[in-house]
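Each chain, written out:
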Amino acid sequence: CQQALAFVLQAQGSYAESEQLLRKLLRMSESKFGMGHADVLSHVHSLAEALAARSATPEAESLFRRALEGRGVALGPDHPDTLASARALAAT
């Protein structure tokens, strides 16, 4: 899975490469599933995490907010993924 590769790259400190891959995955999933799909929102959240890790706080915050709002609609407010986005947004 390419998302797992992006996580490995991030863990190795290859933040730019990880971010590039996550942006590509997000574009691909948005075109395939639409913006409100749970898989798309997972990519949004992952990209936000990558950006937050390199202190790109304004964009990370915006993406965490997008993930939170989308997950709230798609999965419900009490779903673990929605709560994860809420915690990440609060920590940014």
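Read on for a plain summary of the structure. (Residues numbered from 1 in each chain as written. Predicted model: local features only at pLDDT ≥ 70, side-chain atom pairs only at ≥ 80, totals over all residues. Heavy atoms only, no water.)

**Remarks on the environment of A86**
Next, step 1: Among the secondary structure elements, A86 is positioned in helix α5 (residues 80-91).
Next, step 2: What makes A86 partly exposed here is its relative accessible area of 31%. (Helix = DSSP H or I, 4+ residues; strand = E, 2+ residues; numbered from the N terminus. Buried < 20%, exposed > 50% of the residue type's maximum accessible area, 1.4 Å probe, protein only.)

**With respect to α5**
Next, step 1: Compared with an ideal rise of 1.5 Å per residue, which puts 12 residues at 16 Å, α5 spans 16 Å between its outermost C-alpha atoms and is within 8% of the ideal.
Next, step 2: Those residues of α5 not exposed but buried are T82, S85, A88 and L89. The arc that holds every buried residue of α5, seen down its axis, measures 125°, which confines them to one face. Projecting away from the buried face of α5 at angles above 90 degrees are the exposed residues P80, R87, A90 and A91.
Next, step 3: Tucked inside the fold, the buried residues of α5 contact α3 (38-53) and α4 (57-74). (Expected span 1.5 Å × (residues − 1). Arc of directions from axis to C-beta. Contact = heavy atoms within 4.5 Å.)

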